[in-house]
Amino acid sequence: MEKNIFLPAGICVRLADATDDAFLFSLFCEARPELAYLPLPPAQVETLLAQQYQLQQRGYANQYPTARNWIIECESQVVGKIMLAELVNFIHIVDFVIAFSWRSRGIGSAVLNAVKHYASAQSLGLSLQVERQNIAAKRLYTRIGFNVCQLTVTHQAMECK
């Protein structure tokens, strides 16, 4: 897939490897700033984050055994990740995170558009789930062409054809 995703100059994706583990954990932690407000010592918060991260990774592996993490780089800096599961009739975006300091620069849009074009070229649909409270992400996904196809109490399932 790496060679079939066309991104603007300066942005690229590559498969994650073991050297990316610390970065992937830091992205997970960055996306959960509310945990810093828990009335716990910092060491306990770190332990909680590590446990939640491991649970998330096991959950992804169980639900999407074919999923692969792709590291997003911009200007030779590691800036985010996208986890994709290539299924029978569609590609599912399992997880997608751009580091806060790199947001609002068009990187997320560029990556999503590239994945959208890749899926289309393979005659596959594209799907994801987003937390209902994540307004910024929902705005981005809608702008890319995703439409809500299912609602739960906490999430929206979205598809892009």
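See above for the structure.
Worth saying up front: this structure is predicted, and the values here are computed from it rather than measured. (Residues numbered from 1 in each chain as written. Predicted model: local features only at pLDDT ≥ 70, side-chain atom pairs only at ≥ 80, totals over all residues. Heavy atoms only, no water.)

*Asks:* How should the environment of Leu49 be read in this particular structure?
*Replies:* With respect to the helices and strands, the residue Leu49 is situated in helix H2 (residues 42-63). By relative accessible area, Leu49 is classed as buried at 8%. When the C-alpha positions of Leu49 and Cys29 are compared, they lie 6.6 Å apart, and in sequence the two are 20 residues distant. Beyond its immediate stretch of four places on either side in the chain, Leu49 contacts Phe25, Phe28, Cys29, Arg32 and Leu35. (Helix = DSSP H or I, 4+ residues; strand = E, 2+ residues; numbered from the N terminus. Buried < 20%, exposed > 50% of the residue type's maximum accessible area, 1.4 Å probe, protein only. Contact = heavy atoms within 4.5 Å.)

*Asks:* Help me understand the sheet that holds strand S3 (residues 77-86) in this model?
*Replies:* The sheet built from seven strands is open, its strands ordered S1-S2-S3-S4-S5-S7-S6 with mixed pairing. Both edges of this open sheet fall to strand S1 (11-15) and strand S6 (147-151), since each of them pairs with a single strand only. Strand-to-strand twist in this sheet, taken as the mean axis angle between neighbours without regard to direction, amounts to 30°. Here S1 pairs with strand S2 (residues 68-74) via five bridges, running antiparallel. Across the sheet, the residue bridging to Cys12 is Glu73, located in S2. Sitting on the sheet, H2 touches S2, S3 and strand S4 (90-98), and the angle it makes with S4 is about 165°. The strands touched by helix H3 (residues 107-121) within the sheet are S1, S2, S3, S4, strand S5 (125-131) and strand S7 (155-160), with S4 carrying the most contacts at an inclination of about 170°. (Pairing = 2+ DSSP bridges. Axes fitted to C-alpha atoms, helices over the stretch in contact; angles between N-to-C directions.)

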